[in-house]
Amino acid sequence: RPFHVEPTNIVSVNDDMQRVTDEASAMNKRIHYYSRLTSPADRALIAPDHVLPAPDEIYVYSPLGTAFKVDTCTSGYGKNSSLVTIFMIWNTMMGTSILSIPWGIKQAGFTSGIILILLMGILTLYCCYRVVKSRQMIPLIDTSNWEFPDVCKYYFGSFGQWSSLLFSMVSLVGAMVVYWVLMSNFLFNTGKFIYNFVHNINVTDIVPGTNGTNKVICPSAASGHPPQNRSVMFSSDNSTGFELFEEWWNKSQTVPFYLIAVLLPVLNLKSPSFFAKFNVLGTVSVVYLVFLVTVKAAHLGIHIEFNWLTENEFFVPEFRILFPQLTGVLTLAFFIHNCVITLLQNNRNQENNVRDLSIAYFLVGLTYLYVGVIIFASFPSPPLSKECIEQNFLDNFPSDDIMSFVARIFLLFQMMTVYPLLGYLARVQLLRQFFGNAYPSLFHVLTLNLAIVGAGVAMARFYPNIGGIIRYSGATCGLAFVFVYPSLIYMISLHRAGQLTWPALTIHIFIILLGLANLIAQFLL
């Protein structure tokens with residue numbers, strides 16, 4: 001192990017000594033868990049600050065979430081309070097999916113979209129609870145350091161091990177592709193705003209839009225593709241320079257390649273721990289997006305008309321056949337099943353795990369509902385159609401919109417710090433399985449990173465539709481980690497205990513069929 005602590009042998013003679021024993025035992029287990037994630041030469045995941053009890057403060061760290069400090073009196077001798085646990089789960093789940101929720105509601109219809117968010121939240125919460133219980137149902141084996149892929153390996157052998165690796169890679173690479181598309185989008189709009197501001201250039205996109213200070217645009221109206229550089233110059237001191245900028249600063253043809261120079265070198269670093277310090281920006285970004293949505297809705301007002309079955313020029317029906325596109329997005333939006341055991345095992349009061357997990361899911365669903373419903377309801381129809389709502393709702397605001405510019409800056413910097421962490425986790429999972437080392441050589445790491453970056457560049461160049469990428473990857477990895485494996489493991493456990501009943505069998509087979517139908521529907525609609 002890269003970090004070793006001798007086992008603690010303290011005989012409990014009173015409550016204080018019992019607390020010390022429990023604390024040391026929990027610390028040893030967590031140190032062992034982090035030591036298993038990487039090679040001895042790599043110190044990226046060696047005993048982070050939140051593993052070691054400190055006299056006055058403790059750091060909570062999640063590789064895919066955020067890093068923040070809590071007082072010892074709140075966390076309780078190295079374990080997190082319910083409030084911290086709830087926040088960690090909420091913060092880990094909240095990601096890029098929030099940008100596509102309004103589009104998903106538009107695809108499903110306003111009423112059915114709200115219903116589906118509630119139902120998918122309940123369904124994924126139930127399956128997440130089954131994941132947490134799956135480790136506890138294994139008898140006579142110490143599973144304190146196991147995560148859900150370890151449980152899959154126990155029940156399904158090498159097939160469970162390799163299939164869980166495959167679906168985990170789908171979620172990781174899918175997230176990295178979405179990040180690349182969004183980073184290209186945000187970098188393009190940010191650069192365009194700065195160039196126009198510095199050179200005192202007033203431009204307007206050749207797309208339909210509203211008038212006034214709170215302008216909303218419909219980029220997809222000009223063509224069936226995402227918005228590009230199309231613009232008309234109103235006034236400029238140097239029209240030739242502006243045209244040259246338009247040629248070399250193109251959302252799909254040039255900007256995705258510029259990101260390679262920045263991100264590919266940091267992907268090859270042995271340790272990405274430096275970037276974890278900036279993950280608090282994820283929380284700031286989500287809070288700012290909620291603020292932006294609230295302010296925009298206050299200025300735009302509410303534009304709702306209920307059409308239950310028919311579609312008109314400006315509004316969509318309340319129920320649409322395209323609703324599986326929203327369920328695909330929501331599968332990834334509520335996805336935390338592959339790491340929820342780790343997040344909950346540091347909860348101070350383990351008897352509150354179900355309650356805390358339920359509260360976290362409620363808050364996540366409430367955030368998605370708020371952003372999705374407010375954007376959909378305030379979208380100015382007429383003069384624009386609800387069909388104009390983009391897969392990234394920030395694209396409905398022009399590049400010179402100040403509030404959207406700030407949001408893009410936050411999200412761009414946050415994604416550029418999270419992206420190396422995602423690449424590191426993909427490297428650890430894949431290369432350790434094949435070579436027994438997370439960094440076998442620079443050639444191996446560079447080859448893997450070139451493949452991942454190449455996939456991101458290709459998508460940003462030819463298919464920059466984050467809603468589509470999210471729903472495909474979400475439905476694929478969700479089939480295994482959300483629907484199939486938790487249900488199968490629960491049924492196998494009940495069968496071995498002689499407690500499997502027909503109602504339980506029917507319910508969980510139905511859940512598996514729902515996950516399969518969700519995946520198939522993504523390719524049919």
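Residues numbered from 1 in each chain as written. Predicted model: local features only at pLDDT ≥ 70, side-chain atom pairs only at ≥ 80, totals over all residues. Heavy atoms only, no water.

- As recorded in an unreviewed UniProt entry, the protein goes by Neutral amino acid transporter 9 and comes from Serilophus lunatus.
- Per UniProt, the protein carries the Sequence similarities (unreviewed entry) text "Belongs to the amino acid/polyamine transporter 2 family. SLC38A9 subfamily." (UniProt positions renumbered as here; feature names shortened; annotations may be inferred.)

**Points about helix α14 (residues 402-435)**
Argument step 1. Helix length check: α14 (34 residues) gives 49 Å between terminal C-alpha atoms against 50 Å at 1.5 Å per residue, within 8%.
Argument step 2. Residue Asp-401 occupies the N-cap position of α14, its side-chain oxygen lying 3.4 Å from the main-chain nitrogen of Met-403.
Argument step 3. Gly-436, located one to two residues past α14, shows a positive phi value of around 75°. (Helix = DSSP H or I, 4+ residues; strand = E, 2+ residues; numbered from the N terminus. Expected span 1.5 Å × (residues − 1). Polar contact = N/O pair within 3.5 Å; in protein donor to acceptor, adjacent residues only side chain to side chain.)

**Things to note about the packing of aromatic side chains**
Argument step 1. Counted according to the given criterion, the structure contains 21 aromatic pairs.
Argument step 2. Between Phe-193 and Phe-197, the aromatic rings sit 6.4 Å apart at their centres with planes inclined by 5°, giving stacked as the arrangement. Here Phe-193 and its partner Phe-197 are both found in helix α6 (residues 148-198), 4 residues apart, which amounts to about one turn of the helix.
Argument step 3. Of the residues examined, Phe-193 reaches a relative accessible area of 14% and is grouped as buried.
Argument step 4. Each member of the aromatic cluster is reached from another via a ring pair, and the members are Trp-146, Tyr-154, Tyr-155, Phe-156 and Tyr-485.
Argument step 5. A cation over a ring is seen here: Arg-130 above Tyr-490, with NZ or CZ 3.7 Å from the ring centre.
Argument step 6. Note that Lys-270 overlies the ring of Tyr-439, its terminal NZ or CZ placed 5.2 Å from the centroid. (Phe/Tyr/Trp six-rings, centres within 6.5 Å; stacked < 30°, edge-to-face > 60°. Buried < 20%, exposed > 50% of the residue type's maximum accessible area, 1.4 Å probe, protein only. Lys NZ or Arg CZ within 6 Å of the ring centre and 35° of its normal.)

**Some details on the side chain of Ser-487**
Argument step 1. Topologically, Ser-487 is positioned in helix α16 (residues 466-496).
Argument step 2. Among the residues examined, Ser-487 registers a relative accessible area of 2% and is labelled buried.
Argument step 3. Within the structure, Ser-487 has its side chain in polar contact with the backbone oxygen of Phe-483 (distance 2.9 Å).
Argument step 4. Every residue in contact with Ser-487, bar those within four places of it in the chain, is listed here: His-508, Ile-511 and Ile-512. (Contact = heavy atoms within 4.5 Å.)

**Considerations on empty space enclosed by the protein**
Vacant regions in the atomic arrangement are exposed by a probe of water-molecule size rolled over the atoms.
Argument step 1. For the structure on display, the rule yields 4 cavities of 30 Å³ or more.
Argument step 2. Taken as a whole, the second largest cavity encloses approximately 70 Å³ of empty space.
Argument step 3. If you go around the second largest cavity, the residues you meet are Val-216, Lys-296, Leu-300, Ile-375, Ser-378, Phe-379, Phe-393, Asn-396 and Phe-397.
Argument step 4. When contributions to the lining of the second largest cavity are tallied by element, the ones reaching two or more residues are α10 (280-300) and α13 (353-378).
Argument step 5. When grouped by side-chain class, the residues that make up the lining of the second largest cavity number 6 nonpolar, 2 polar and 1 charged. (1 Å grid on protein atoms, 1.4 Å probe; cavity = no way out; pocket = protein on both sides within 12 Å on 5 of 7 lines; lining within 4 Å. Points joined across faces, edges and corners; volume = space filled by probe spheres on them. Nonpolar A, V, L, I, M, F, W, Y, C, P; charged D, E, K, R; others polar.)

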